[in-house]
Amino acid sequence: MNLEYDINGISIRKTTEADLDFVIAAENAEENSPHVLQWTREQHIAALYNDDILHAIIEAEGRAVGYAITAGLKDPNKAVELRRIVIVEKGRGFGRTAVQLFIKLAFEELKAHRLWLDVREYNSRARDLYKALGFIEEGYIRECLLLGDKYISHYIMSILEQEYEA
């Protein structure tokens, strides 16, 4: 898979086991943990070696600024999921550019027909970003995730190949 994508100095590369301390710290950071599931090191390692998943580090200014997990690389329906994206430096445009990179990767490299994601109902910052980049809200999944003693609802959003090309 070609990962030689760079937009505005932001690039992605495959995650290695040596990156996992950064990945785990990023998803457990106070500003990120309410928005993403926390995985064990073993779950991340399994994802690194799963050929249906791209586990990637997002780099800017010569350092890691986040990571993302994309699944469905082998989906026969050409539906790729942006399963997770975590940025450690907020407000600098790294997240927006990283999402643009994954959109480009999905449609240009993976030849996807559909790129989709789910986002927690209370994460309006992310929902607004995805909408600004062309994602459409498809639905609302009520109380689908139990975190502690509280159920969380999600929005499903997607962008289609023809919308990307337009």
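On a predicted model such as this, the values are computed, not experimentally measured, just so you know.

### Description of the overall build of the protein chain
- Along its length, the protein chain carries five helices and eight strands.
- Starting at the N terminus, the α and β elements of the protein chain follow one another as β-β-α-α-β-β-β-α-β-α-β-β-α.
- Overall, the C-alpha framework of the protein chain stretches about 40 × 35 × 30 Å when taken along its three principal axes.
- Burial statistics for the protein chain: of 166 residues in total, 46% are counted as buried.
- Look at the contacts in the protein chain between residues 6 or more apart in sequence, and 59% of them connect residues 24 or more apart.

### Some points on the sheet that holds strand β5 (residues 79-87)
- Pairing is mixed in the open sheet, where eight strands are placed in the order β1-β2-β3-β4-β5-β6-β8-β7. Each end of this open sheet is capped by a strand with a single partner; those strands are β1 (6-7) and β7 (136-147).
- Across three bridges, β5 lies against strand β6 (residues 114-120) in parallel orientation. The residue of β6 that forms the bridge with Glu-81 is Trp-116.

### As for the pattern of salt bridges
- Counting across every chain of the model gives 14 salt bridges.
- One salt bridge in this structure joins Glu-27 and Arg-84, with 2.7 Å as the shortest N-O distance. Placement of Glu-27 in helix α1 (residues 20-28) and of Arg-84 in strand β5 is noted, with a sequence separation of 57 residues between them.
- The class of Arg-84 is buried, set by a relative accessible area of 6%.

### Quick notes on a nonpolar patch on the surface
- A cluster of nonpolar side chains, contributed by Leu-37, Tyr-122 and Leu-147, occupies part of the molecular surface with about 240 Å² of accessible area.
- Relative to the assigned elements, Leu-147 resides in strand β7.
- Taking the relative accessible area as the measure of exposure, Leu-147 reaches 32% and is therefore partly exposed.

### Considering the side chain of Arg-127
- Turning to its location among the elements, Arg-127 is positioned in helix α4 (residues 124-132).
- Residue classification places Arg-127 among the buried positions, given a relative accessible area of 13%.
- If near-sequence neighbours (up to four positions away) are discounted, Arg-127 is found in contact with Val-119, Arg-120, Glu-121, Glu-137, Tyr-155 and Met-157.

### Concerning the environment of Gly-93
- Position of Gly-93 relative to the elements: it lies in the loop between β5 and α3 (94-109).
- Along the sequence, Gly-93 and Ile-103 sit 10 residues apart, while their C-alpha atoms lie 16 Å from each other.

### Here we look at the environment of Ser-158
- Looking at where Ser-158 falls in the secondary structure, it is placed in strand β8 (residues 150-160).
- Judged by its relative accessible area of 3%, Ser-158 falls in the buried class.
- Sequence separation between Ser-158 and Gly-134 is 24 residues; the distance between their C-alpha atoms is 8.2 Å.
- Leaving out residues up to four positions away in the same chain, Ser-158 has contacts with Arg-114, Leu-115, Trp-116, Gly-134, Phe-135, Ile-136, Glu-138 and Glu-163.
- Within polar-contact distance, the side chain of Ser-158 engages the side chain of Glu-138 at 2.4 Å.

### Let's talk about the pairing of β8
- In terms of residue burial, β8 counts as a mostly covered element, since eight of its 11 residues are buried.
- As paired strands, β6 and β8 are joined by seven bridges and run antiparallel to one another. Looking at the pairing, Leu-115 lines up with Ile-159 of β8.

Calculation criteria
- Residues numbered from 1 in each chain as written.
- Predicted model: local features only at pLDDT ≥ 70, side-chain atom pairs only at ≥ 80, totals over all residues.
- Heavy atoms only, no water.
- Helix = DSSP H or I, 4+ residues; strand = E, 2+ residues; numbered from the N terminus.
- Buried < 20%, exposed > 50% of the residue type's maximum accessible area, 1.4 Å probe, protein only.
- Contact = heavy atoms within 4.5 Å.
- Pairing = 2+ DSSP bridges.
- Salt bridge = Lys/Arg side-chain N within 4 Å of Asp/Glu carboxyl O.
- Patch = residues over 30% accessible without salt bridge, like charges linked within 9 Å, V, L, I, M, F, W, Y side chains within 5 Å.
- Areas by Shrake-Rupley, 256 points an atom, 1.4 Å probe, with all protein chains shown as cover.
- Polar contact = N/O pair within 3.5 Å; in protein donor to acceptor, adjacent residues only side chain to side chain.

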